[in-house]
Amino acid sequence: MSELNWFIVLVICTVAGFGFAMLYSVAGGSVDPWAKNQFIRFLGGLVLMISIALIDIRVWMFLAYPLYAVALAMLVVVDVMGEMGMGAQRWINLGFMNLQPSEFMKIALVMALARYFHCLTDEETVQLKSLFKPIVLIILPVVLVLRQPDLGTTLLIVMGGITILFAAGVRMWIFVFSFLAMIPAAFGAWQFLKPYQKQRVLTFMDPETDPLGAGYHIIQSKIALGSGGVYGKGFIQGTQSQLNFLPEKQTDFIFTVIAEELGLIGGLSLLTLYLVLMGYAMIISLSVKSQFGRLLTLGMVMTFFLYMFINIAMVMGLVPVVGVPLPLVSYGGSAMLTLLVGFGFILSAAIHKETTIPRGGAFA
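Quick caveat, the model's predicted, so the values are computed rather than measured.

Draft legend 1. How the structure looks around the overall build of the protein. A tally of regular secondary structure across the protein gives 14 helices and three strands. Taking all 364 residues of the protein together, 51% fall into the buried category. The contacts of the protein with a sequence gap of at least 6 include a subset with a gap of at least 24, amounting to 75%. As presented, the protein carries roughly 16400 Å² of accessible surface, and 71% of it is formed by carbon and sulfur atoms.

Draft legend 2. Representation of empty space enclosed by the protein in the model. Taken as a whole, this structure holds three cavities of 30 Å³ or more when the rule is applied. Residue lining of the largest cavity: Ile-107, Met-300, Thr-303, Phe-304, Leu-339, Gly-342, Phe-343 and Ile-346, and that is the complete set. Contributing elements (two or more residues each) for the lining of the largest cavity: α13 (291-315) and α14 (333-351). Broken down by element, the residue count for the lining of the largest cavity peaks at four residues, all from α14. Of the residues in the lining of the largest cavity, the class split is six nonpolar, two polar and no charged.

Draft legend 3. Geometry of unusual backbone geometry. In this structure, Pro-33 follows Asp-32 across a cis peptide bond, with omega equal to 5 degrees. With respect to the secondary-structure elements, Pro-33 resides in the loop between α1 (6-26) and α2 (35-53). Non-glycine residue Ile-236 carries a positive phi angle of around 65 degrees. Relative to the helices and strands, Ile-236 is located in the loop between α10 (216-227) and α11 (239-242).

Draft legend 4. Geometry of the pattern of salt bridges. Tallied over the full model, the rule gives five salt bridges. Residue Lys-289 is joined to Glu-354 by a salt bridge in which the shortest nitrogen-to-oxygen separation is 2.9 Å. Pair noted here: Lys-289 is in the loop between α12 (254-287) and α13 and Glu-354 is in the segment after α14, with a separation of 65 residues, a long-range link. Under the relative-accessibility criterion, Lys-289 is labelled partly exposed at 45%.

Draft legend 5. Inspection of a nonpolar patch on the surface at higher detail. Residues Val-230, Tyr-231, Leu-264, Ile-265 and Leu-268 make up a contiguous nonpolar surface patch of roughly 510 Å² in combined accessible area. Structurally, the position occupied by Val-230 is in the loop between α10 and α11. Looking at Val-230, the relative accessible area reads 43%, which means it is partly exposed.

Draft legend 6. Molecular detail of α2. Taking 1.5 Å of rise per residue, the 19 residues of α2 would be expected to cover 27 Å, and the 26 Å separating its terminal C-alpha atoms lies within 8% of that figure. What α2 keeps buried is the set Ala-35, Gln-38, Phe-42, Gly-45, Leu-46, Met-49, Ile-50, Ile-52 and Ala-53. Taken down its axis, α2 places every buried residue within 145 degrees of arc, on the same side. Away from its buried face, by an angle of more than 90 degrees, α2 presents the exposed residues Ile-40 and Val-47. Of the surrounding secondary structure, the elements contacted by the buried residues of α2 are α1, α3 (57-81) and α14.

Draft legend 7. Local environment of the packing of aromatic side chains. Under the definition given, this model contains nine aromatic pairs. Ring centres of Phe-20 and Phe-39 lie 5.4 Å apart, and the angle between their planes is 80 degrees; on these two criteria the pair is classed as edge-to-face. Taken as a pair, Phe-20 in helix α1 and Phe-39 in helix α2 lie far apart in primary sequence, 19 residues in all. Look at Phe-20 and Phe-42: their rings are 5.7 Å apart centre to centre, the planes differ by 75 degrees, and that puts the pair in the edge-to-face class. Of this pair, Phe-20 sits in helix α1 while Phe-42 is found in helix α2, placing the two residues 22 residues apart along the sequence.

Draft legend 8. Summary view of the environment of Gly-267. Examined against the element boundaries, Gly-267 turns out to sit in helix α12. Here Gly-267 falls in the buried class, since its relative accessible area comes to 7%. The residues touching Gly-267, leaving out its near neighbours within four places in the chain, are Phe-255 and Ile-258.

Draft legend 9. Here's a closer look at the packing of α3 against helix α6 (residues 132-146). One way to put it is that α3 packs onto α6 with a least axis distance of 9 Å and a crossing angle of 25 degrees. One way to sum up the angle between α3 and α6 is to call them roughly parallel. Two packed elements cross with a definite hand, and for α3 against α6 that hand is left-handed. Residue-level inspection shows Tyr-68, Leu-72, Leu-75 and Val-76 of α3 in contact with α6, the latter providing Val-136, Leu-137, Leu-140, Pro-141, Leu-144 and Val-145.

Draft legend 10. Layout of the environment of Met-314. Along the chain, Met-314 falls in helix α13. Along the backbone, Met-314 and Val-324 are ten residues apart, and their C-alpha atoms lie at a distance of 8.4 Å. Sequence-distant contacts of Met-314, that is, excluding residues within four places in its chain, are made with Ile-218, Asp-252, Val-319, Pro-320, Val-321, Val-322, Gly-323 and Val-324.

Draft legend 11. How the structure looks around α6. In a regular helix each residue adds 1.5 Å, so 15 residues correspond to 21 Å; α6 covers 21 Å between its end C-alpha atoms and thus fits that length. All buried positions along α6 are accounted for by Pro-134, Leu-137, Ile-138, Pro-141, Val-142, Leu-144 and Val-145. Where α6 is buried, its residues meet α3, α4 (101-118) and α7 (151-168).

What counts, and at which threshold
Residues numbered from 1 in each chain as written. Predicted model: local features only at pLDDT ≥ 70, side-chain atom pairs only at ≥ 80, totals over all residues. Heavy atoms only, no water. Helix = DSSP H or I, 4+ residues; strand = E, 2+ residues; numbered from the N terminus. Buried < 20%, exposed > 50% of the residue type's maximum accessible area, 1.4 Å probe, protein only. Contact = heavy atoms within 4.5 Å. Areas by Shrake-Rupley, 256 points an atom, 1.4 Å probe, with all protein chains shown as cover. 1 Å grid on protein atoms, 1.4 Å probe; cavity = no way out; pocket = protein on both sides within 12 Å on 5 of 7 lines; lining within 4 Å. Points joined across faces, edges and corners; volume = space filled by probe spheres on them. Nonpolar A, V, L, I, M, F, W, Y, C, P; charged D, E, K, R; others polar. Salt bridge = Lys/Arg side-chain N within 4 Å of Asp/Glu carboxyl O. Patch = residues over 30% accessible without salt bridge, like charges linked within 9 Å, V, L, I, M, F, W, Y side chains within 5 Å. Expected span 1.5 Å × (residues − 1). Arc of directions from axis to C-beta. Phe/Tyr/Trp six-rings, centres within 6.5 Å; stacked < 30°, edge-to-face > 60°. Axes fitted to C-alpha atoms, helices over the stretch in contact; angles between N-to-C directions. Parallel < 35°, antiparallel > 145°, perpendicular 65-115°, else oblique. Left-handed = near helix turned anticlockwise from the far one by under 90°.

Structural data, given as structure tokens:
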């Protein structure tokens, strides 16, 4: 326990406390129905995070493929008998909470890819034939998550996988070629999008075309963001959130509540905490001796960054609305547990940074 990076734990608790306060605010000054449940889930996730951190990172490398297989199996269960909600089939009902397996796949995929590339030599990593298995590892969950459908999570899974490929040393020309190939593919994929997904893209381009329908979310979000000014309207004083003009205020659009009630200062304070977390995690990744630990840490940092970047860009109207929560702040059990588990692996890598794991055939 003494080797645990308690500073990171403190920053995580501070960010989560930020979230509890805002959930208390959007409920009109009440711990119900969101803040109390979120606090209980956070305590459970915090215990899980610390438990993961104290386990030898070699154990997590050994379990990487089994955990990926479990996450994939849960996605299959969702596809067969998952709970419906808001027009999508994404959850498994556990009684006390709805579990979203696609969230945990983001972590499991990073672990599996980190193990795979650790088990390759540097010469094998740059060979084209070595990309077949990791591409399959990425495509399998992508297909299942797209069936739910969940475009936002699909993008996070793909981008998390690409991060590991890049960090492992896959040649740059492969990424350039893939990007160029995706441009015409994107136009062809348009016809396969669900109607509501097409509407999100069109609304992103011009939300004023349907201000009371598809464009309502982003228009109200921009109003809330702009009305807070530098210092904000005050805690529990935001008109957009308190008068229910702002939809999904406790989940995807909670950053707009922060901007309206706490202003630019509140928003920048939260972003500073995020940057501190990611900065420390990057420092850890550079100090870890094992390739698995480095790739695992980088993958978790990128997952956290994508949550933050996509959510804030989404509520500002810079990207289409895709339903990505603000990390450790938005209401929701699966996303919070996923991020805390991710930080558990980062802390584990920090504690066992001097541990060396043979490369090549080990654990293959």
